[in-house]
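# Coordinates in review
So you can see what is in the structure, the chains are spelled out below.
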Amino acid sequence: MGTGDLSESALGWMTFNGDHMSMYHVNVGVPKTLVLYLVTWVADEVFDGETRRLLHDIADTPITPELLPLKDGELAQKTEEVVGPYELHDFFLFHVVRYGTRPTKVVALALEAFGGRYDQATVVRWLTVFLRRFFSQQFKRSAMPDGPKVGSVALSPRGDWRMPSDASAASWLAEIEVLSAAVA
């Protein structure tokens, strides 16, 4: 069973061989923010006592692939410090894949949706990371194992998503550069 989710698939935040050797990606249709929501919901609505506490502890732990050993009892790698907030990436993923929304509009929508939690420079920064990773990591999605389609966005090369592995993000990034210049 592969453990990668939709968000990791979009960003290529998975090992090409390790995650691809599985026979089935059970979480590949679920964005990371929904996984977190479901863990918290199950903790509150289904369990109590020690199980509830453990599930909340899992949900409160920073996201990490835990491939690096702890340094002085602390996580050495926190994914969102490297790739950015998953709540933004899942938002970008939905709008770019589901509707083909261009960067300028995605930024405007994100600023409205997140109600001031992120400024324009931050949204532009992480959208740039998203677009670079999304386009450059298509080769991993082209070779990933089967998995369920859960919502209205899927990246299976055998279903909803057809993208050449050598697709270029150049026009998308050029639009971002205009936004970046306007912010500066």
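Before reading further, recall that the structure is shown in the block above.
Described below are features of the structure shown in this document. (Residues numbered from 1 in each chain as written. Predicted model: local features only at pLDDT ≥ 70, side-chain atom pairs only at ≥ 80, totals over all residues. Heavy atoms only, no water.)

Before going further, it helps to spend a moment on the environment of valine 35. Along the chain, valine 35 falls in helix 2 (residues 32–45). Taking C-alpha positions, valine 35 is 14 Å from histidine 25, a pair spaced 10 residues apart along the chain. (Helix = DSSP H or I, 4+ residues; strand = E, 2+ residues; numbered from the N terminus.)

In contact at an axis separation of 11 Å, helix 5 (residues 86–99) and helix 6 (residues 103–113) are set at 135° when each is read in the N-to-C sense. Comparing their axes, helix 6 and helix 5 come out oblique. Handedness of the helix 5/helix 6 crossing: right-handed. Contacts from Phe91, Phe92, His95 and Val96 of helix 5 reach helix 6 at Val106, Leu109, Ala110 and Ala113. A breakdown of the residues in the contact of helix 5 with helix 6 according to their chemical character gives seven nonpolar, one polar and no charged. (Axes fitted to C-alpha atoms, helices over the stretch in contact; angles between N-to-C directions. Parallel < 35°, antiparallel > 145°, perpendicular 65-115°, else oblique. Left-handed = near helix turned anticlockwise from the far one by under 90°. Contact = heavy atoms within 4.5 Å. Nonpolar A, V, L, I, M, F, W, Y, C, P; charged D, E, K, R; others polar.)

The next point concerns the packing of aromatic side chains. A full pass over the atoms with the stated rule returns eight aromatic pairs. Both rings, one in phenylalanine 91 and one in phenylalanine 114, keep their centres 5.4 Å apart while their planes meet at 65°; by these two values the pair is edge-to-face. Residue phenylalanine 91 is located in helix 5, and its partner phenylalanine 114 is located in the loop between helix 6 and helix 7 (120–136); the two are separated by 23 residues in the primary sequence. Summarising the burial analysis for this pair, phenylalanine 91 and phenylalanine 114 share the class buried. An angle of 50° between the planes, with centres 6.2 Å apart, marks the rings of phenylalanine 135 and tryptophan 172 as tilted. Taken together, the positions of phenylalanine 135 in helix 7 and tryptophan 172 in helix 9 (residues 170–183) put the pair 37 residues apart, joining distant regions of the chain. Residues phenylalanine 135 and tryptophan 172 agree in their burial class; the two are buried. Three or more aromatic residues joined by ring pairs make a cluster, and in this case those are Phe92, Phe130, Phe134, Phe135, Trp161 and Trp172. The residue whose ring lies beneath lysine 32 is tyrosine 86, and the NZ or CZ to ring-centre distance is 5.1 Å. Positioned above the aromatic ring of phenylalanine 134, the side-chain terminus of arginine 141 is 4.4 Å from the ring centre. (Phe/Tyr/Trp six-rings, centres within 6.5 Å; stacked < 30°, edge-to-face > 60°. Buried < 20%, exposed > 50% of the residue type's maximum accessible area, 1.4 Å probe, protein only. Lys NZ or Arg CZ within 6 Å of the ring centre and 35° of its normal.)

Let's shift gears to the pattern of salt bridges. Using the criterion set out here, one finds six salt bridges in the structure. In this structure, the salt-bridge partner of glutamate 50 is arginine 53, at a minimum N-O distance of 2.7 Å. Linking glutamate 50 with arginine 53, this pair stays in helix 3 (residues 49–60), spanning three residues, or about one helical turn. For arginine 53, a relative accessible area of 45% corresponds to the partly exposed category. The partner of glutamate 175 in a salt bridge is arginine 102, with the nearest N and O atoms 3.1 Å apart. Here glutamate 175 is found in helix 9, whereas its partner arginine 102 is found in the loop between helix 5 and helix 6, with 73 residues between them in sequence. Given a relative accessible area of 32%, arginine 102 falls into the partly exposed group. One continuous salt-bridge network, built from bridges that share partners, spans Asp5, Glu8 and Lys32. (Salt bridge = Lys/Arg side-chain N within 4 Å of Asp/Glu carboxyl O.)

For the rest of this paragraph, the subject is the nonpolar core. Counting 34 residues, the largest nonpolar core has Phe92, Leu93, Leu127, Phe130, Leu131, Phe134 and Leu155 as its most contacted members. Contributions of two or more residues to this core are made by helix 1 (6–11), helix 5, helix 6, helix 7 and helix 9. A per-element tally of this core places helix 7 first, with eight residues. If we ignore the near neighbours within four places in the chain, the residues touching leucine 155 are Leu6, Ser9, Ala10, Leu93, Val97, Phe134, Arg141, Met144 and Trp161. (Core = buried A, V, L, I, M, F, W, Y, C linked by side-chain atoms within 4.5 Å.)

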